[in-house]
Amino acid sequence: MAETIPRRRVARKSHYCCGQYRIQPGDVYLEHTEFPGSDAGYADAAGHPVRHRECSECALRYGRGHLLAEGGDQP
């Protein structure tokens, strides 16, 4: 099972990233959804799907920058 399902989003309000950056309205970011039973275990402890936000700087740093492009989350 895939650990997370990434989805490209455009912020409507201000969010905190998983790192030290802040996502501002209008910024493109990635939203990762993790489901119970995945390898990471965050959703297992919560008992429901868990969402994490990742700003464009972090996505580029960790090799997920291609998902920020329009239609990047499509196979």
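Further up the page is the structure itself.
Just so we're clear, the structure is a prediction, and the values are computed from it rather than from any experiment.

Trainee: Just to check I follow, could you spell out the overall build of the chain for this structure?
Mentor: Check the secondary structure of the chain and you find 2 helices and 5 strands. The N-to-C order of helical and strand elements in the chain reads β-β-β-β-α-β-α. Counting every position in the chain, which comprises 75 residues, the buried fraction comes to 27%. Considering only contacts in the chain between residues 6 or more positions apart, those separated by 24 or more positions represent 44%. Here the chain has roughly 5100 Å² of accessible surface; of this, 49% comes from carbon and sulfur atoms.

Trainee: I'm lost on the packing of aromatic side chains in this one. Help?
Mentor: One pass over the full model with this rule turns up 0 aromatic pairs. The side chain of Arg22 reaches across the aromatic face of Tyr16, ending 4.2 Å from its centre.

The rules behind each value
- Residues numbered from 1 in each chain as written.
- Predicted model: local features only at pLDDT ≥ 70, side-chain atom pairs only at ≥ 80, totals over all residues.
- Heavy atoms only, no water.
- Helix = DSSP H or I, 4+ residues; strand = E, 2+ residues; numbered from the N terminus.
- Buried < 20%, exposed > 50% of the residue type's maximum accessible area, 1.4 Å probe, protein only.
- Contact = heavy atoms within 4.5 Å.
- Areas by Shrake-Rupley, 256 points an atom, 1.4 Å probe, with all protein chains shown as cover.
- Phe/Tyr/Trp six-rings, centres within 6.5 Å; stacked < 30°, edge-to-face > 60°.
- Lys NZ or Arg CZ within 6 Å of the ring centre and 35° of its normal.

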